Amino acid sequence: MRITQGMLSSQVLYDIENNLQQLSRLETEASTGKRINQPSDDPIGVQNVMTYQMEMNFDKEYQQNATNAQSQLNFVSSVMTEAQNIMSRARDLAVEGANSTETSSDMQALASEVGQLYDQMVTIGNSQYNGLYIFNGANTGAAPYPLQAANLSPGQVSGSLDPAQVATNSGQVLMDLGNGVTIPITVSGNQFFGNPASSNNAFQVLSELYSALNSGDHTQVDNLLNSIDSVIDNMNQVQAGVGALVNRAQMMQTRMTDLANSVTQQLSNVDDADMAKVLTNLNSISAVEQASLEVGAQALPMSLVNFLKPGV
Amino acid sequence: MPSTFLGLQTALRGLEVSQAGVDTVSHNVDNADTPGYAREVVDVAEMSSLPLGQDGNTSMVGQGAQVLQIQRIQSDFLNTQYRAQNAALYQANVVQSTLNEISGILDEPSSSGISNALSQFYQAWDALGSNPSDLSSRTSVIDAAQTLTQVLNQTANQLSQLQSNLQSSLSTTVDQVNSLLDQIASVSNQIAKLQQMGEQPNDLLDKRDALLNQLSQYTSFQTSESPVTSGGTTYEQFSLTLMGSSGPVTIIDGSQTDFTNNDPPANLVSHLVIASDTGAVSIVPISSNSASSSDPTLTGQGGEIQGYQDSIADVQAYQNDLDVFAQSLAGAGTTTLRADWTIPASAVDSPPYNTMKFTPSGGTASETLEQFIQSQGLTESNGTYTIPAGTQIATTLGAMTVTLLGPLDISSATLSNYGSVKIQVPGGQETTLSAYVNSTNPPATQLPAGTILQIGGLNQLLMLGFSENGQGQPLFTPAATSGGQPITAANITVAIQPSDLAAGTTLTTDSSGNTVAVSGDGTLATLIGNMANQQMQFPNPSPSAPNETLTGSLSNYFTAVVGQLGLQSQQANNSVNVQTSLVQQISNQQQSVSGVSLDEEMTKLISYQQAYNASAEIISAINTMLTQLMQNV
């Protein structure tokens, strides 16, 4: 093949340009630390990257949800403990009041304390977390129990003011923990404090205890002990359910953290540049680039002209 | 008997031949770097001999050498090869750079693209689901939706900007081609004229080759030369054809060669005119400046023209993909055009246009776009169809099946708007909403949790739910300025107050007696938050299977679009690499044949120089001989 100067120079240019292209690609990889900077770098990989990134965003959201659910449920649980303490105190007072040796003034004193417990129970029923009522199911914007009842003695409440007659919202506020798992983070008041006007409604029982003590009816007070026990049993049961939900939220949080770690790992496998490889390639390509520039610089000016002396 | 001075004459010819040789070497060396230059060599031949004596003496004496012609060394085969591959290279270059720009516009993978905005959107819903009465969660859903629509709007606008840039580049290219054709025609005339006068216009031939090489950057073409002999000289009629939609079309007609440099030259019979916004280019007679439907269109050509046409189609396809995305995001809906709406004719068969249903103004039956165009007798104009105002258009994308997380209260508005929605209560048969309500006694006022609903998309789902203002409102709407067009990526907006955003599915009565959503009910929001994985039906974005549907989530669909873009760009990159190396190789071969080698020229220079010296020596010798003779006489 006949070789001309034009061929040499265009070939050198073409090769240098090829080297530069490889250099530029490797430099992008090295400076971003990413293997995929454009969809064309790896059309299949880019789809994985996008899917993993989306998944990671959601894992973060779910982890946050699980944390929120735990703190709210822990609050609910502590409020429930408080309600049970009130009931145990009421039970102690009832045991005392069932004793026929108690004088009527003693009974009055007991009744007055039960009245206080009653008001405290109403306040607990209207507990709020972050401004939202926790015992009104899904209707978190409205107080489940009449607010005024907390300032009245059990004898004064009746009709719409009577917490014992209230049917609370039975819906649920759900927290999304991911993978289709949702847990309720509020409780229906009726579920925890008992159904309206039933014998194990906490307000009803406290109210009856109050009036029995007030009227000095030892037998009635004694009879109410069973109802108090069944209220405490129910409360215990519901609180145990809440505890189980806290555990679930914890479990989901651990799971989501694991998942996020594994997704991060996968994302890194697909998307991160293998720095050792990139830098090694970068070195070898820059060596080639340098060599081609030097050879080009030396070979291109060569021709017979260099060797022809004037007058030959 | 030859003349006494024959030797002097012979030596003079030797001087002349060497002179021509040195001149050619000089010309070659000067043009060593001139594009399109083909090296020249002196074609030298022996002169005819003269008989030495008379009377049967048959010896002949030579008369030296003569220059037959200065020959251009080039290979037509390589030229044709070069032009074909060059056209393919420039086509690939344009497509590659367009796809690179589209990659830049879509900006994936990144934390600022559509995919990220979509994931933020679903997360905002999920957060609202856990905290439905919180105003800030509600506002952040609206914010996230606005971000998503703004990214979509921006992407769509950038794509249309790219589209119009491509159109103007195409128009510049077509002008360039017409100018080149004009020059080629005129140079061919001059070549023929000089050839007819017995001359050898090497410089013009070089110029024409250079022009043809330039032309190959824009389009591929076929050339032919037919020799015509008249009055003892031969000249060549040069013709050039381009491939039209119904076979090759003559652009430069060699038989019209007229030896004049008319403007435009008479042998230039056709030129190119852009026929439509979609990039169709027609070949029209030189006398006309606009394309008519009977003119053939330029087809199947390589070069930048084809590259721009492909690019325009690619950009349109990605715009369509984004429109599918926007419509699927909002869900099915109907709108009535308030103003005429033009749609690209090339998109009639592709999604989302082929998924829409059209009802003519005053008509009752809905039709597909193709049926609508036929029944309304619409005609294509400038590559578009115009849908008249008053037409009702129903979009169908975004339909999905969802399972209620909580009970759904049925209001009278729900029943009148969505009575025909298919539902299936847990343990029940599939039926419609109104049939279910009426089948129970007393009529049902609530759907239980776990009911499966088949609904038309996100907007419909929101309108089934309740906000603090009562019945929910659609989230995504086309911009008010869109003249009643269906939702597209360019016009999708969020025009809803946070208080109209439905988060729940149950109703209660507030203190002032209004029917409002239960404040803590976020089941609908949670349901939408989980829609990140909601399966829907999509038209396949791949142009190879336009009528298939894909099943996947909205993010899957967008991921597939980006994957498709990646594959296309990768292919474009590969074909640019392959074409560059092919052109480089052919160009090397061309250089090998036609290129100037300085070594070779210098060697020739030495041999011509020495031959010249030798001829001069002979003249000197003859001179001495003749002087001697004169003195002796």
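Residues numbered from 1 in each chain as written. Chains lettered and ligands numbered in written order. Predicted model: local features only at pLDDT ≥ 70, side-chain atom pairs only at ≥ 80, totals over all residues.

Concerning the overall build of chain A
- Check the secondary structure of chain A and you find seven helices and four strands.
- Going from the N terminus to the C terminus, chain A shows its helices and strands as α-α-α-β-β-β-β-α-α-α-α.
- Its C-alpha atoms give chain A a radius of gyration of 39 Å, clearly above 20 Å, the size a compact globule of 312 residues would have.
- Each principal axis of the C-alpha distribution contributes one length, and for chain A these read about 145 × 30 × 25 Å.
- A burial count over chain A gives 38% of its 312 residues as buried. (Helix = DSSP H or I, 4+ residues; strand = E, 2+ residues; numbered from the N terminus. Rg over C-alpha atoms; globule rule 2.2 N^0.38 Å. Buried ≥ 20, exposed ≤ 12 C-beta atoms within 10 Å, placed from the backbone.)

With respect to the overall build of chain B
- Scanning chain B from N- to C-terminus turns up 13 helices and 28 strands.
- In terms of overall dimensions, chain B has a C-alpha envelope of 150 × 45 × 35 Å along the principal axes.
- Counting every position in chain B, which comprises 633 residues, the buried fraction comes to 45%.
- For chain B, the share of sequence-separated contacts (at least 6 apart) that also reach a separation of at least 24 residues comes to 69%. (Contact = placed C-beta atoms within 7 Å.)

Focus on the sheet that holds strand 6 (residues 233-244) of chain B
All names here are of chain B.
- Strands sit in the order 5-6-7 across an open sheet of three strands; the sheet is antiparallel. Of all the strands in the sheet, just strand 5 (222-230) and strand 7 (247-252) have a single pairing partner and so form its edges. Neighbouring strand axes in the sheet, compared pairwise and without regard to direction, differ in orientation by 35° on average.
- When strand 6 meets strand 7, the two strands line up antiparallel, connected through five bridges. Each residue of the ladder has a partner; that of L242, found in strand 7, is V249.
- Taken strand by strand, helix 4 (residues 135-196) contacts strand 6 and strand 7, and its axis lies near 160° from that of strand 6. (Pairing = 2+ DSSP bridges. Axes fitted to C-alpha atoms, helices over the stretch in contact; angles between N-to-C directions.)

As for the environment of Q376(B)
- Among the structural elements, Q376(B) can be located in the loop between helix 7 (369-375) and strand 13 (384-387).
- Along the sequence, Q376(B) and I387(B) sit 11 residues apart, while their C-alpha atoms lie 9.3 Å from each other.

Brief notes about the interface of chain A and chain B
- On the side of chain B, 47 residues touch chain A, which itself brings 46 residues to the contact.
- Looking at the side of chain A that touches chain B, the elements with two or more residues in it are helix 1 (5-32), helix 2 (43-98) and strand 3 (174-178) of chain A.
- Among the residues making up the side of chain A that touches chain B, the classes are represented as 21 nonpolar, 22 polar and three charged. (Nonpolar A, V, L, I, M, F, W, Y, C, P; charged D, E, K, R; others polar.)

Looking at the pairing of strand 9 (residues 281-285) of chain B
All names here are of chain B.
- Counting buried residues along strand 9, four of its five residues qualify, which places the element largely inside the surrounding structure.
- Note: strand 8 (residues 270-274) against strand 9, five bridges, orientation antiparallel. Bridging from a neighbouring strand, S270 pairs with P285 of strand 9.
- As consecutive antiparallel partners, strand 8 and strand 9 are separated by six residues, and within that stretch G279 has a phi angle of approximately 100°, a positive value.

Details of unusual backbone geometry
- Omega for the peptide link from E108(B) to P109(B) comes to -5°, which places this bond in the cis form.
- Mapped onto the fold, P109(B) is located in the loop between helix 2 (76-106) and helix 3 (114-130).
- Between P351(B) and the following residue, P352(B), the backbone shows a cis peptide bond with an omega angle of 0°.
- Relative to the assigned elements, P352(B) resides in the loop between strand 11 (341-344) and strand 12 (357-359).
- A positive phi angle is found at N130(A), which is not glycine, with a value near 55°.
- Its place among the elements puts N130(A) in the loop between strand 1 (128-129) and strand 2 (132-133).
- Among the residues examined, N130(A) registers 13 C-beta atoms within 10 Å and is labelled partly exposed.
- Look at D107(B): it is not a glycine, yet its phi comes out positive at around 55°.

Quick word on the packing of helix 6 (residues 303-330) of chain B against helix 12 (residues 554-594) of chain B
Residue and element names in this part refer to chain B.
- Here helix 6 crosses helix 12 at 175°, and the two axes come no closer than 11 Å. If you check the angle between helix 6 and helix 12, you find them roughly antiparallel. Between helix 6 and helix 12, the contacting residues are D321, F325, S328 and L329 on the first element and L554, Y557, F558 and V561 on the second.
- Taken together, the residues of the contact of helix 6 with helix 12 break down into six nonpolar, one polar and one charged. (Parallel < 35°, antiparallel > 145°, perpendicular 65-115°, else oblique.)

Describing the domain arrangement of chain B
All names here are of chain B.
- Under the domain assignment used here, chain B contains domain 1 (6-73 + 601-632), domain 2 (171-311) and domain 3 (333-393).
- The gap between the C-alpha centroids of domain 2 and domain 3 is 40 Å.
- Listed per partner, the contact involves four residues of domain 2 and six residues of domain 3.
- Its residues assigned to classes, the side of domain 2 that touches domain 3 comprises one nonpolar, two polar and one charged. (Domains from an automatic or database assignment.)

Overview of the nonpolar core
All names here are of chain A.
- By size, the foremost hydrophobic cluster in this structure holds 190 residues, and its most contacted members are A90, V114, M121, L206 and L209.
- If you tally residues by element for this core, the top one is helix 2, at 19 residues.
- Those residues within four positions of A90 in sequence are excluded, and the remaining contacts are V114, L117, L206, L209 and I228. (Core = buried A, V, L, I, M, F, W, Y, C linked by C-beta atoms within 7 Å.)

Looking at the environment of L462(B)
Residues and elements named next belong to chain B.
- As for its position among the elements, L462 is in helix 10 (residues 458-464).
- Among the residues examined, L462 registers 25 C-beta atoms within 10 Å and is labelled buried.
- It is 9.6 Å that separates the C-alpha atoms of L462 and D500, two residues lying 38 residues apart in sequence.

A closer look at the sheet that holds strand 17 (residues 422-424) of chain B
- The sheet built from four strands is open, its strands ordered 15-20-17-18 (chain B) with antiparallel pairing. Strands at the two margins of the open sheet, each flanked by one partner only, are strand 15 (400-403) and strand 18 (431-432) of chain B.

Considering the environment of Q196(B)
Residue and element names in this part refer to chain B.
- Positionally, Q196 belongs in helix 4.
- Counting along the chain gives 35 residues from Q196 to G231, while the straight-line C-alpha distance between them is 8.5 Å.
- If we skip the residues at most four places from it in the chain, Q196 touches T233, Y235 and F259.

Some remarks on helix 1 of chain A
- With 28 residues, helix 1 of chain A extends 41 Å from end C-alpha to end C-alpha; this agrees with the ideal 40 Å at 1.5 Å per step.
- When helix 1 of chain A is considered as a whole, its buried residues turn out to be Q5(A), G6(A), M7(A), L26(A) and E29(A).
- The secondary structure elements touched by the buried residues of helix 1 of chain A are helix 7 (275-299) of chain A together with helix 12 and helix 13 (598-632) of chain B.
- The first or second residue beyond helix 1 of chain A is G33(A), which carries a positive phi of 70°. (Expected span 1.5 Å × (residues − 1).)

Here we look at the confidence of the model for chain B
- In this model, chain B carries an average pLDDT of 88, and 97% of its residues clear a pLDDT of 70 or more.
- Across the predicted assembly, pTM comes out at 0.86 and ipTM at 0.80. (pLDDT = per-residue confidence, 0-100.)

A look at the packing of helix 1 (residues 6-30) of chain B against helix 13 of chain B
Residues and elements named next belong to chain B.
- Across the interface, helix 1 lies against helix 13 with an axial gap of 8 Å and an inter-helix angle of 160°. Relative to helix 13, the element helix 1 lies roughly antiparallel. The handedness of the crossing between helix 1 and helix 13 comes out as left-handed.
- A per-class count over the contact of helix 1 with helix 13 returns 15 nonpolar, eight polar and two charged. (Left-handed = near helix turned anticlockwise from the far one by under 90°.)

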